[in-house]
Amino acid sequence: MFIFCVYIYSLCPTVYLIDSGELAGVSYTLGIAHPTGYPLYTLISYFFAHIPGEPIKYLNFLSAIFSITSAVLLYVILKKLTENKVIPILLTALFAFSPIIWRISITNEVYPLTVLFCILLLFLLYSIKTSRLFYAIMFFLALSLTNHIIIFSLILPLFFYLIINHRPQFKKLFIGFLFAGIGISPYLYLILRTLASPEIAWGNTCNFQRLFWHITGKQYQVWMFSLSGRAMLNNLTQGVIFQSTNFLYVFVIFIFIGFLYLFKNDRKKFWLFLSIFVLNFLYTVNYAIPDIESYYIPGFIALLIVCGYGLNIIKKYVKWFILILFPIVFMVMNYPACTLRDNTFGLDYALAHISQLPKNSLLICSYWDIYSPTIYLRKVKNLYKDLVIIDKELLRRTWYIKYLKNEYPEFYNSAKQEISDYLTELYKFEYNKPYDPRIIQQKYIKMLEKFVEIKETTGVYFALPFPDYDLNSVKPDYYRIPYGLNYLITKDIQPVSFDFSRLEINHPRFINDPRLKFNIEAVKKMLINNINYLIRANRINEAELAKKWLNDFSHYK
């Protein structure tokens, strides 16, 4: 109950950064999310998204439910393992209030369901006595893959452990694979739902080839196992620090003690948990994405169980006062690094880019944190339907071109020739046929320039929180005039007024996320660009309003 109350208190009140808006839109419309698709999460979250009220609040609450359930199962495992009442509570609190778990438990994310599967599978492992439980494990091993592929680093060692330790006969193993086949079946949702033409169908998984591309994250493989030695060493260092932080450094000692105990007394479990950790760690440090922390989840949970073995050795010294003291200490220590209470920045950031755009204007985004929340606003809240909002990076995928055709038919038809020319080259790239990257880029820029021409009379805006080569190549002879957090793209220089009194971005009390910090700095830099432009244009009164806004935002307390 204590964990539940803390989660609810620190729960994010709305859409957050990165994938939050997209996942909410997919949940609400029963669509298909970015790779690996997450069909099981989508099906479960659909019902929560349609509870009367604000959908995002219930979706954030769903994450808390997954994590609370995981904490209960973890407590049961540790109690069975240690035959002690204090250690399970201690480690369950360490688990629940660790940054890796707490942060994903208070916003809509797919990772809390993966956490639940990790712990459920280990719970079944420690309970297995009958064939039925073996079949249950085989079913959940496969079912867990339909949420997030990172769990492979737990299920692969666990599968071999079951085979080696329990040595099932061929008939039992065969039936187990039948149950696994049932478990993996939710992936068929991606094909069936695509054929039904959902509003959001990332990847266009209309056949088994495209399904395979999607669930294996083909579009992300450029960032996998392609790092330099220096980059890998940096990721390795950051990974060790991150895992140690989640164990408050002190408990790392008991992980080593736990591994030593298992090596001497239960060699098979020693190799099981070591394999989970090593496999998970090696995969994660070889993957170069900014929000990588959640990929350490399987390894973190494995180490947590091993830590239980280590603490069990000194259980006679672990006293009851720890039950009161340590959970509160864990919570207080990590609260500033984890809480999203009253943090509306994710939604505010997107609204700041679109709320003052003229009707029927075009916004081309170069940044996912701006675009993702607009999916929630358009698909769930049915707002800003008059704007054409495009993510320029997604234009590199054929499924997104199809999405634009359905979303903005009139706009699409106006650029049909340029889009068709670009698609001809893009298909070559997507289907691994011979292609010329220079031609693709030329057609890509030509298509973007046509987009600008179509909406020139109603207004064209670029969202550029950082320099962007592609958008700088689009109509380079046009002016880029600061307009709030966007740039107005115009052939003829013209005075445009942005109402800074209507710019509303609530500064978070805690800046506890590198991505959040970057976005806050991007807001400040864009305001400075506005101020400099207005001063050069001798529009001093407007410049003073912008300065006041920036000063109030920068000195938030």
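Just above sits the structure.
Moving on, we get to unusual backbone geometry. Going from P35 to T36, the amide bond is cis rather than trans, its omega being 15 degrees. Here T36 shows up in the loop between α2 (20–29) and α3 (39–49). A positive phi angle is found at E83, which is not glycine, with a value near 50 degrees. Tracing the backbone through its elements, the reader meets E83 in the loop between α4 (55–82) and α5 (86–96).

On to a nonpolar patch on the surface. Together, I253, I257, Y261 and I313 make up an exposed nonpolar region whose accessible area comes to about 330 Å². Examined against the element boundaries, Y261 turns out to sit in helix α14 (residues 252–265).

Bringing the packing of α14 against helix α15 (residues 267–285) into the picture now. Contact pair α14 / α15: the axes reach a minimum separation of 6 Å and the direction vectors enclose 140 degrees. One finds that α14 runs oblique with respect to α15. Contacts between α14 and α15 involve F259, L262, F263 and N265 from the former and R267, K269, F270, F273 and L274 from the latter. Looking at the contact of α14 with α15, its residues break down into six nonpolar, one polar and two charged.

This next bit is on the sheet that holds strand β3 (residues 460–463). In spatial order, the strands read β2-β1-β3-β5-β4; together these five strands make up an open sheet with mixed pairing. In this open sheet, the two edge strands, each paired with only one partner strand, are β2 (388–391) and β4 (479–483). Taking each pair of neighbouring strands and ignoring which way they run, the sheet shows an average axis angle of 25 degrees. Of the strand pairs in this sheet, β4 and strand β5 (residues 486–490) are connected by five bridges, and their pairing is antiparallel. Its bridge partner being in β5, Y479 is matched across the sheet by T490.

Along the chain, S105 falls in the loop between α6 (99–102) and α7 (111–125). Polar contacts involving the side chain of S105 include one to the side chain of S67, which spans 2.5 Å.

Further remarks concern the pattern of salt bridges. Evaluation of the coordinates by the stated rule reveals 21 salt bridges. One continuous salt-bridge network, built from bridges that share partners, spans K392, E393, R396, D468 and D470.

Attention now moves to the environment of T374. With respect to the helices and strands, the residue T374 is situated in helix α19 (residues 368–379). Under the relative-accessibility criterion, T374 is labelled buried at 2%. As for T374 and I389, which are separated by 15 residues in sequence, their C-alpha atoms are 8.1 Å apart. Excluding anything up to four places from it in sequence, T374 contacts A350, I354 and I389. Engagement of the side chain of T374 in a polar contact is seen with the backbone oxygen of Y371, the distance being 2.4 Å.

Moving on: the nonpolar core. One broad trend across soluble globular proteins is that nonpolar side chains are buried collectively. One finds F95, F251, F273, I305, L395 and F451 to be the most contacted residues of the largest nonpolar core, which totals 178 residues. Not counting residues within four places of it along the chain, the set of residues in contact with F451 comprises L362, I390, L395, F411, A415 and I419.

Attention now goes to the packing of helix α11 (residues 188–195) against helix α12 (residues 208–215). It is the contact of α11 with α12, at a shortest axis distance of 10 Å, that shows an interaxial angle of 120 degrees. With respect to α12, the axis of α11 lies oblique. The two elements α11 and α12 meet at a crossing, and its hand is right-handed. Contacts between α11 and α12 involve L188, L190 and I191 from the first element and F208, L211, H214 and I215 from the second. Residue composition of the contact of α11 with α12, grouped by class: six nonpolar, one polar and no charged.

Conventions adopted
Residues numbered from 1 in each chain as written. Predicted model: local features only at pLDDT ≥ 70, side-chain atom pairs only at ≥ 80, totals over all residues. Heavy atoms only, no water. Helix = DSSP H or I, 4+ residues; strand = E, 2+ residues; numbered from the N terminus. Patch = residues over 30% accessible without salt bridge, like charges linked within 9 Å, V, L, I, M, F, W, Y side chains within 5 Å. Areas by Shrake-Rupley, 256 points an atom, 1.4 Å probe, with all protein chains shown as cover. Salt bridge = Lys/Arg side-chain N within 4 Å of Asp/Glu carboxyl O. Axes fitted to C-alpha atoms, helices over the stretch in contact; angles between N-to-C directions. Parallel < 35°, antiparallel > 145°, perpendicular 65-115°, else oblique. Contact = heavy atoms within 4.5 Å. Nonpolar A, V, L, I, M, F, W, Y, C, P; charged D, E, K, R; others polar. Pairing = 2+ DSSP bridges. Polar contact = N/O pair within 3.5 Å; in protein donor to acceptor, adjacent residues only side chain to side chain. Buried < 20%, exposed > 50% of the residue type's maximum accessible area, 1.4 Å probe, protein only. Core = buried A, V, L, I, M, F, W, Y, C linked by side-chain atoms within 4.5 Å. Left-handed = near helix turned anticlockwise from the far one by under 90°.

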